[in-house]
Amino acid sequence: IAKARSAFMGKITIKWHGHSCFSVTADNYTIVLDPFADGSVPGIGNIRPEANAVLCSHGHSDHGCTGVVTVTEKANNPFHILKIDTYHDDAQGTKRGENRIHMLEADGIRIVHFGDLGCMLTPEQTELLKKADVLMIPVGGFYTIDAAQAREIVSILDPKIVIPMHYRSDTFGYPVIGRLEEFTNYYNNIVNYTGDTLVIDKDTKVQTAVLTL
């Protein structure tokens, strides 16, 4: 056990599968967040991630398809998981239902996945999420908060790393949602990665991280 903990050394790997789906790995334990069903996201191929656990923000097919994930149980979960219930719209769920934010914490690093957040945060939720190390936040609008609202939340929470999600590009995403640039144009700390994976620790620099498929 001591040897396994030494190998961890506070590094967490984040892999983007497209849309709002990520794998987050610490100490050889992987959690998949918001896996999407085959054919549910235009322009993005089918995914078959492997994980020790799956967390979904809500049950829509582009966020709650647990069946595409191969799950292998493992006893030693290094993550503390906080679940915060919110809404998928700006009308207390009457349009699209509820949404759940997940905050994963391992070795003092806190990662927040907002799912399909469609409303602004309450003061109590804001206090729980302030100063997180990583925010995975939707920026496309229409189904979720838009780029301007995401920017407001980021400015309030003041995270170290922001990873935008749930947007469209020239090759993928729903036609009705906004483009990535509508969000990234607000920032001058953009880091464009050539792949889908980011490894972070407490020394990772402040940035808006754009991962690619």
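Report follows, based on the coordinates.

Basis of the calculations
- Residues numbered from 1 in each chain as written.
- Predicted model: local features only at pLDDT ≥ 70, side-chain atom pairs only at ≥ 80, totals over all residues.
- Heavy atoms only, no water.
- Buried < 20%, exposed > 50% of the residue type's maximum accessible area, 1.4 Å probe, protein only.
- Helix = DSSP H or I, 4+ residues; strand = E, 2+ residues; numbered from the N terminus.
- Pairing = 2+ DSSP bridges.
- Salt bridge = Lys/Arg side-chain N within 4 Å of Asp/Glu carboxyl O.
- Arc of directions from axis to C-beta.
- Contact = heavy atoms within 4.5 Å.
- Polar contact = N/O pair within 3.5 Å; in protein donor to acceptor, adjacent residues only side chain to side chain.
- Axes fitted to C-alpha atoms, helices over the stretch in contact; angles between N-to-C directions.
- Core = buried A, V, L, I, M, F, W, Y, C linked by side-chain atoms within 4.5 Å.
- Phe/Tyr/Trp six-rings, centres within 6.5 Å; stacked < 30°, edge-to-face > 60°.

## Some details on the pairing of strand E2 (residues 21–26)
So, step 1. The buried fraction of E2 is high, at 5 of 6 residues.
So, step 2. Two strands pair when backbone bridges link them, and strand E1 (residues 12–18) and E2 are joined in this way by 5 bridges, in the antiparallel orientation. Paired with Ile14 across the two strands is Val24, which belongs to E2.
So, step 3. Linking E1 to E2, which pair antiparallel, is a turn of 2 residues; within it His19 sits at a positive phi near 60°.
So, step 4. Connecting E2 to the next strand, strand E3 (residues 29–33), in antiparallel fashion are 2 residues, including Asp27 with a positive phi near 55°.

## Here's the deal with the pattern of salt bridges
So, step 1. Considering all chains together, one arrives at 9 salt bridges under this definition.
So, step 2. A salt bridge links Lys95 to Asp90, with the nearest nitrogen and oxygen atoms 2.9 Å apart. By the burial criterion, Lys95 is exposed, and Asp90 matches it.
So, step 3. Ionic pairing is found between Lys130 and Glu127, a salt bridge with its closest N-O pair at 3.4 Å.
So, step 4. Among the residues examined, Glu127 registers a relative accessible area of 55% and is labelled exposed.
So, step 5. Several salt bridges converge on common partners, so that one network encompasses Asp170, Arg179 and Glu181.

## Observations regarding helix H3 (residues 147–157)
So, step 1. Of all the residues in H3, the buried ones are Ala147, Ala150, Ile153, Val154 and Leu157. Axial view of H3: buried residues confined to an arc of 120°, hence all on one face.
So, step 2. Elements in contact with the buried residues of H3: helix H2 (123–129), strand E10 (134–138), strand E11 (161–165) and helix H4 (181–184).
So, step 3. Between a side-chain oxygen at the N-terminus of H3 and the backbone nitrogen of Ala148 the separation is 3.2 Å; the capping residue is Asp146.

## As for the sheet that holds E10
So, step 1. The mixed open sheet is built from 7 strands, whose spatial order is E7-E8-E9-E10-E11-E14-E12. Each edge of the sheet is formed by a strand with only one pairing partner; in this case those strands are strand E7 (80–87) and strand E12 (190–192). Each strand axis lies, on average, 20° off the axis of its neighbour in the sheet, ignoring direction.
So, step 2. When strand E8 (residues 98–106) meets strand E9 (residues 109–113), the two strands line up antiparallel, connected through 5 bridges. Bridge pairing in E9 links Ala106 to Ile109.
So, step 3. Packing against the sheet, H3 makes contact with E10 and E11, and its axis sits at approximately 160° to E10.

## Regarding the nonpolar core
So, step 1. Within the largest apolar cluster, 60 residues are counted, with the highest numbers of intra-cluster contacts made by Ile12, Phe114 and Ile163.
So, step 2. The element best represented in this core is H3, accounting for 5 residues.
So, step 3. If we ignore the near neighbours within four places in the chain, the residues touching Phe114 are Asn99, Arg100, Ile101, Leu121, Leu129, Leu135, Met136, Ile137, Pro138, Ile153, Leu157 and Met165.

## Topic: unusual backbone geometry
Across the chain, the bulk of peptide bonds are trans and the bulk of non-glycine residues have phi less than zero.
So, step 1. The residue Asn28 is not glycine, and still its phi comes out positive at about 65°.
So, step 2. By secondary structure assignment, the location of Asn28 is in the loop between E2 and E3.
So, step 3. Assessed through its relative accessible area of 66%, Asn28 is described here as exposed.
So, step 4. Even without a glycine there, the phi angle at Lys131 is positive, about 65°.
So, step 5. With respect to the element layout, Lys131 can be found in the loop between H2 and E10.

## Examining the packing of aromatic side chains
So, step 1. Inspection of every chain in the model, using the stated rule, returns 7 aromatic pairs.
So, step 2. On the basis of an interplanar angle of 75° and a centroid distance of 5.9 Å, the ring pair of Tyr143 and Tyr174 is categorised as edge-to-face. Here Tyr143, found in the loop between E10 and H3, pairs with Tyr174, found in the loop between E11 and H4; they are 31 residues apart in sequence, far enough to count as distant.
So, step 3. Ring geometry for Tyr167 against Phe172: centres 6.0 Å apart, planes inclined by 50°, an arrangement best described as tilted.
So, step 4. Three or more aromatic residues joined by ring pairs form one cluster here, namely Trp16, Tyr167 and Phe172.

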